[in-house]
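Listed below are the residues making up each chain.
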Amino acid sequence: VFFSEQPAPALDPSPPLRTRPMIPATKPTTIRHLKAGARSAVRCMSTLRKTPLYDLHVALGATTAEFGGWDMPIKYPLGIMKEHIWCREKAGLFDVSHMVPVKITGKDRAKFMETVTVCDVQNLPEGMGSLSLITNDDGGIIDDCIVTNAGDHIYMVINAGHEDKDLPHIQKHLDAFDGDVTMTPSPSGLLALQGPKAAEILAKHAEQDTSKMSFMSGAPVTVAGVPCYVTRSGYTGEDGYEIGIPADETEKIAKLLLDEADVEFIGLGARDSLRLEAGLCLYGNDLDDTTTPSEGGLLWTISKRRKAEGGFVGSDKILGQIADKKSVTRKRVGFIGSGPPPRSHDKIFTPEGEEVGEVTSGVFGPSLKKPVGMAYVKKKYMKAGTVLQAEVRGKRRDITISKMPFVEPGYYRG
């Protein structure tokens, strides 16, 4: 999923990791090693919202911080770099209960959802989901979301902290819609189990066969006796699942999964480097209300039928840019750097000194052992292999425009 929070704290590129670092034989943050009273987390203001797993994060030694209005774990004692590699090699567990599930019901739900998103809902098979975009009248992206055809309803997950933005926008269009549709936010616990060992681990505890679920599919699954809704999706570039759980059962499922030797809790710091290596956008950094699908490289979310028929909010502007490519002057690109990683809002220049863009995300990529990032640049400089310069801490350093993702995806394709 493309989550929508503020960027995670900067990754420290030192000490360097080996290409395939050894994973510690003992697991410092498992339930098996939990010690009463271990509360080394950095606490935030009491006004911040907390997920059902907040106390567990604190007990496991997490460092927490404000993130999208929530008090969330940024890292655990294992550390951001090793958490990142653990997820790439084994299985990482993420608490994403700050996300907002929404149920759309009623016989006209597909027609309505095609007015407020670019999704081809009418042709979305039952049990399948799709990344989609909620757009405004100017063709800008209000939010990215996952839309799943759950049979008798549409299951949509919007980004954390966006309830006050997305839901009023959707409700405004619902009030003007002539049809049978109801929108119901459905808060719950939500865990993401990600990594090459995720499938075998979830299969141990699921009553239904989850190992053959196709990428982006979703289904009701009973996990350890608890009714859940499971989708085969995630935000790391690895195979994995997102598990919707009744809030009061979330800790039970989390502890069950953490008791597996190959599972570690992963914080938002490592999630940021994982998603960036996978070429996945972070709303508020790489996308915002002024970014159109053409500029953001997200036209693939709009099907051929929807491009032909339009009918969604902002379609005149979006389809106009598709018809007139010259009207788009900037493009989202990936880049690889050297030295300190460029950060959001760092300016980008040509070697001759012309300012041509701005960095939107940048981290040290533990898998590549070099800086990676995203930026918007003038369209003439978007070709892979183009060498530009990012101004990092007052010094201009070479970056090379690169295709994304930066790492080979591990998604399950059957």
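What you see is a predicted model, and the numbers here were worked out from it, not measured in a lab.

> How would you sum up the pairing of strand S4 (residues 100-105)? Please name residues and give values.
Bridge analysis of S4 against strand S7 (residues 154-158) gives five bridges, and the strand direction is antiparallel. Residue Ile-104 lies in a different strand from S7, and its bridge partner there is Ile-154.

> Residues and numbers for the sheet that holds strand S13 (residues 263-265), please.
As summarised here, the arrangement of the six strands in space is S10-S11-S12-S9-S3-S13, forming an open sheet in which the pairing is mixed. Every other strand in the sheet has two partners, leaving strand S10 (218-223) and S13 as the edge strands with one partner each. Strand-to-strand, the axes of this sheet are offset by a mean angle of 30°, without reference to chain direction. In this structure, strand S3 (residues 91-95) lies alongside strand S9 (residues 189-194), joined through four bridges in antiparallel fashion. Residue Gly-92 lies in a different strand from S9, and its bridge partner there is Gln-194.

> Which residues make up the sheet that holds strand S14 (residues 330-337), and what are the values?
What the six strands build is a closed barrel, ordered S14-S17-S16-S15-S18-S19; its pairing is antiparallel. For this sheet, the mean angle separating the axes of adjacent strands, direction not counted, is 45°. Bridging between S14 and strand S17 (residues 370-378) involves seven bridges; their strand directions are antiparallel. Paired with Ile-336 across the two strands is Val-372, which belongs to S17. Against the sheet, helix H7 (residues 268-277) contacts strand S16 (355-365) and S17, and its axis sits at roughly 120° relative to S16.

Quick notes on the rules
- Residues numbered from 1 in each chain as written.
- Predicted model: local features only at pLDDT ≥ 70, side-chain atom pairs only at ≥ 80, totals over all residues.
- Heavy atoms only, no water.
- Pairing = 2+ DSSP bridges.
- Helix = DSSP H or I, 4+ residues; strand = E, 2+ residues; numbered from the N terminus.
- Axes fitted to C-alpha atoms, helices over the stretch in contact; angles between N-to-C directions.
- Contact = heavy atoms within 4.5 Å.

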